Amino acid sequence: MGSPLMNQRHQMFLLDDVLDVGRLGHWSAFAGQDRDDWAAVLASAHALAVQYFAPHHRLGDVQEPHLHEGKVVLPAAVETALSAYASVGFNAAAAPVAQGGMGLPYVIALASDGLFMAANIATSGYALLTRGAAHLLLAHGSESQIRRFAKPLLEGRYFGTMCLSEPQAGSSLGDVSTRAVLQPDGSYRLEGSKMWISGGEHEMGENIIHLVLARVVGDAPGVRGLSLFVVPRLHVDAAGCLGARNDVHLAGLNHKLGQRGIVNTFLKFGEQGQCHGELIGERGGGLAAMFHMMNEARIGVGMGATMSGMASYRYALRYARERRQGRSLEQRDPTQPQILIIEHVEVRRLLLRQRALVEGAHALCLFAGLQVDIKAHAPEASTRQRAAALLDLLTPIVKAWSAEFCVQASDHAIQVLGGYGYTREYPVELYWRDNRLNPIHEGTNGIQAIDLLGRKVLQDDGVGLRIMLDFLRDSCADAPSPWQPFATTLMALGEAIQRAVMLTKQRLKSSGPVRALADAHDFMIACGHCVVGALWLRQALVAERLASKGDDVFLSGKRKTAQYFWQHELPDATAAIGRVLAGQGSVADVQDAEFGE
Ligand SMILES: Cc1cc2nc3c(=O)[nH]c(=O)nc-3n(C[C@H](O)[C@H](O)[C@H](O)COP(=O)(O)OP(=O)(O)OC[C@H]3O[C@@H](n4cnc5c(N)ncnc54)[C@H](O)[C@@H]3O)c2cc1C
């Protein structure tokens, strides 16, 4: 078996053959680049991930961040890995060349990030946040903020954070209580506390740049009154020189189930009344600006979930090819040698389901990543608009579906290893613990599902859903006869999704949002299975086409996994959308007291 991180043929099959990213090379934004350049970027990312990120995955978990004389202590390998990452330019992979970036397509940057995530999701989290903060500043910051903050973030000299959550305001950002007080000179002083801030305090790099949601005193309650501020740990003057420490301090560390290698902090802003913040963009436009980083982070979380699932699957597969136990159902003779567990049909079921979920989620994440490039750079305005609408719809699906099902893949990996999987001697328990965060952060899966059914499929007269269904129709058109029933099932699922949206519109009016959105989670699953199913059908058809020039186990494995997804996973989506259509509201009907004492 090749790399522990990724079947590289699968990755190139998705990028080249299924998603046809090569067409991006014809667009002016990527002039002079081609798929060989991108394959070289992925090879370089893979080599760095194996050399610098994978070796301290367990160490970062065992030696979790702790305080020594008031400073956060991390294993030295974390900073070494992030320096190596930055020195090759990966912080700036997707940033435009004019702004000091590598100018790569976003989908290639995302695919290469996936390799670092597969190697060590915790350490790669620092890079994800740093890059996201830089991209937000490039989009919404002033010229001075771009020069003083975004550039050093892209160079890897500074680290970034996103500071949204507070103890009383997690899912409900409208309840953020951090205040910003306007000063006579036009600057702001912030006061408040932020909970759960990843990478909030450490000694790596020259500075930490916090992007903080706060409410200017006197502004409206709720999310409309929120503004976004850049709050550096160390002051940065107009020339970009570092000054004294700003009034932002660590109040405590949070001790997590997984992803322990990335420090998680409780931060206090302005305890001495001297926390200087600079407004980013418009006052009151904070959440809209923050969404730039949150949407990128949601795709990143979907990719992270996928890659922890991928690493789990690949470890379980390797183990199943080495571990001997028992004999086949047809050969019970105890004098015969034990067989490899991969020969047991139940172990194959676990492996095949893992593969169908993680490679399906990988296709989904890269498909969404491609929409980022199309939205920004396609030559025709109408193509850009369609990609924007599709991306908006896909973002909660990428986050929630990948997190939901790739945690299941990590769970199955433990099952494949049996008792050994339940011990810390093997990495699959760590992959599962790492992965278990993904349904929670960046908006819980519950919040994503409500956003999808209560807003995304309804907004702009349902344009995003129509484009998703067009994609479904394109994927199913001309499926040859062996795959026709797969296409028929998918089309029926798409029609049921459309009916469910119509019914939801009516129910919102007749019964109100609590009942109308009671089955939002089922709706999210149905939509995710629908898009992932369409992408699996595409993988099957491409594999069939390539096999006509010469078949091999990679291509037949793709076809069989697609068939598994259709026959074993899609029925669950049909059942889920059936529950949405029935709308019996059994969950909404249960009274608090009826849950029991
Ligand atoms: C390890 C870790 C890292 C994090 N990193 C960051 C970070 O860097 N920056 C940052 O700002 N935040 C960060 N977070 C915060 C994270 O985004 C929140 O934990 C998350 O948004 C949920 O908020 P909460 O924990 O307060 O849970 P709550 O909001 O209290 O939710 C509890 C439960 O209630 C449900 N719920 C709540 N409200 C609703 C609703 N309106 N409708 C339906 N269901 C609802 C939720 O789905 C959840 O199941 C991190 C969290 C963790 C655990």
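Structure's up top.
Just so you know, these numbers come straight off a predicted model, no measurement behind them. For every chain, the first residue of its written sequence is number 1, and the numbers climb from 1 along that sequence. The model is predicted, so local features are restricted to residues of pLDDT at least 70 and side-chain atom pairs to those at 80 or more, both for listing and for counting; the totals for chains, interfaces and linings are taken over all residues.

> Describe in detail the overall build of the protein, supporting the description with residues and values.
Counting its secondary structure elements, the protein contains 18 helices and 12 strands. Computed over the C-alpha atoms, the radius of gyration of the protein is 24 Å, within 12% of the 25 Å expected from 2.2 N^0.38 for a compact globule of 597 residues. Taken over the C-alpha atoms alone, the protein extends approximately 80 × 65 × 60 Å along its principal axes. Split into buried and exposed, the 597 residues of the protein put 51% on the buried side. For the protein, the share of sequence-separated contacts (at least 6 apart) that also reach a separation of at least 24 residues comes to 75%. We count a stretch as a helix when DSSP gives it H or I for four or more residues in a row; a strand needs E for two or more, and each element gets its number in order from the N terminus. To get the radius of gyration, use the C-alpha atoms; to get the globule rule, take the number of residues to the power 0.38 and multiply by 2.2 Å. With C-beta atoms placed from the backbone, a residue is labelled by how many other C-beta atoms lie within 10 Å of its own: buried for 20 or more, exposed for 12 or fewer, partly exposed between the two. We call two residues in contact whenever the C-beta atoms placed from their backbones are within 7 Å.

> Before we move on, can you summarise the environment of Leu 537 with the specific residues and values?
Examined against the element boundaries, Leu 537 turns out to sit in helix H16 (residues 520-547). Leu 537 sits 317 residues away from Ala 220 along the chain, and the two C-alpha atoms are 49 Å apart. Apart from residues no more than four positions distant in its own chain, Leu 537 is found in contact with Ser 475, Cys 476, Ala 479, Trp 483, Phe 486, Ala 487, Leu 490 and Ala 562.

> An account of the packing of helix H6 (residues 121-140) against helix H8 (residues 286-320) is needed here, citing residue identities and associated values.
Contact pair H6 / H8: the axes reach a minimum separation of 9 Å and the direction vectors enclose 155 degrees. With respect to H8, the element H6 is oriented roughly antiparallel. Crossing handedness for the pair H6 and H8: right-handed. Residues Ile 121, Leu 128, Gly 132, Ala 133, His 135, Leu 136, Ala 139 and His 140 of H6 form the contact with H8, whose participating residues are Ala 289, His 292, Met 293, Glu 296, Ala 297, Gly 300, Gly 304, Met 307 and Ser 308. Lines fitted to the C-alpha atoms define the axes, with helices restricted to the stretch that makes contact. Angles between their N-to-C directions range from 0 to 180 degrees. Angles are sorted into four bins: roughly parallel if under 35 degrees, roughly antiparallel if over 145, roughly perpendicular if 65 to 115, and oblique for all others. The crossing is said to be left-handed when, going from far helix to near helix, the turn is anticlockwise and less than a right angle, and right-handed when the turn is clockwise.

> For the nonpolar core, give the residues involved together with the corresponding values.
What makes a nonpolar core is a set of buried Ala, Val, Leu, Ile, Met, Phe, Trp, Tyr and Cys residues, with links drawn between C-beta atoms within 7 Å. In this structure, Phe 229, Leu 364, Ala 526 and Leu 537 are the most contacted members of the largest nonpolar core, which totals 190 residues. In terms of residues, this core owes the most to one element, helix H10 (residues 381-417), which gives 19 residues. Setting aside chain neighbours within four positions, we find Leu 364 in contact with Val 398, Trp 401, Ser 402, Val 531, Val 532 and Leu 535.

> So what's going on with unusual backbone geometry? Which residues, and what values?
In the Ramachandran plot, Trp 196 falls in the positive-phi region, its phi being about 75 degrees despite a non-glycine side chain. Here Trp 196 shows up in strand S5 (residues 188-198).

> Lay out the site of the ligand with the relevant residues and their values.
In the vicinity of the ligand lie 21 residues, with Leu 164, Gly 170, Ser 171, Thr 444 and Gly 446 positioned nearest. Mapped by element, the contributors of at least two residues to the shell around the ligand are strand S3 (158-163), S5 and helix H12 (445-456). For this classification, the nonpolar set comprises Ala, Val, Leu, Ile, Met, Phe, Trp, Tyr, Cys and Pro, the charged set comprises Asp, Glu, Lys and Arg, and every other residue, Gly included, is treated as polar. In the shell around the ligand, the residues fall into nine nonpolar, 10 polar and two charged. Reported domain spans reflect what an automatic or database domain assignment gives. A domain-level breakdown of the shell around the ligand finds at least three residues from each of domain 2 (159-285) and domain 3 (444-586). Working rule for contacts: place C-beta from the backbone, and if it is within 6 Å of a molecule or strand, that residue counts as near it.

> Give a detailed account of the pairing of strand S7 (residues 226-232), specifying residues and quantitative values.
The buried fraction of S7 is high, at seven of seven residues. Of the two faces of S7, the one holding Leu 226, Leu 228, Val 230 and Pro 232 and the one holding Ser 227, Phe 229 and Val 231 are both buried throughout. Across seven bridges, strand S6 (residues 207-216) lies against S7 in antiparallel orientation. Residue Leu 213 lies in a different strand from S7, and its bridge partner there is Leu 228. Two strands pair when backbone bridges link them, and S7 and strand S12 (residues 276-280) are joined in this way by three bridges, in the antiparallel orientation. The residue bridging Leu 228 from the neighbouring strand is Ile 280, located in S12. DSSP-based pairing: two strands are paired if at least 2 bridges between them are found.

> Explain helix H17 (residues 553-582) to me, and be specific about the residues and the numbers.
Helices are assigned an expected span. That span is 1.5 Å times one less than the residue count. Under the 1.5 Å per step criterion, the end-to-end length of H17 is 42 Å for 30 residues, consistent within 8% with the ideal 44 Å. Roughly 40 degrees is the biggest bend found in H17, and it falls at Glu 569, with proline Pro 571 one to four residues downstream. Among all positions in H17, only Leu 555, Lys 558, Arg 559, Thr 561, Ala 562, Phe 565, Trp 566, Leu 570, Ala 573, Ala 576, Ile 577 and Val 580 are buried. Looking at the buried side of H17, the elements it contacts are helix H9 (345-377), helix H14 (484-510) and H16. At any given residue, the bend is defined as the angle formed between two axes, one fitted to the seven residues that end at that position and one fitted to the seven that begin there.

> Any chance you could break down helix H1 (residues 8-18) for me, citing the residues and the numbers?
Taken together, the buried positions of H1 are Gln 11, Phe 13, Leu 14 and Leu 15. Elements in contact with the buried residues of H1: helix H2 (35-53), helix H5 (106-119) and H9. Asp 20 sits one or two positions beyond H1 and adopts a positive phi of about 50 degrees.

> Now, about the pairing of S12: what can you tell me, with residues and values included?
Bridging between S5 and S12 involves two bridges; their strand directions are antiparallel. The residue of S12 that forms the bridge with Arg 189 is His 276.

> Tell me what's going on with the packing of H14 against H16, and back it up with residues and numbers.
Here H14 crosses H16 at 150 degrees, and the two axes come no closer than 10 Å. Considering their axes alone, H14 and H16 lie roughly antiparallel with respect to each other. H14 and H16 meet at a crossing whose hand is left-handed. Taking contact as the criterion, the partners of Phe 486, Ala 487, Leu 490, Leu 493, Gly 494, Ile 497 and Ala 500 in H14 are, on H16, Phe 523, Ala 526, Cys 527, Cys 530, Gly 533, Ala 534 and Leu 537.

None of this, on its own, says anything about what the molecule does.
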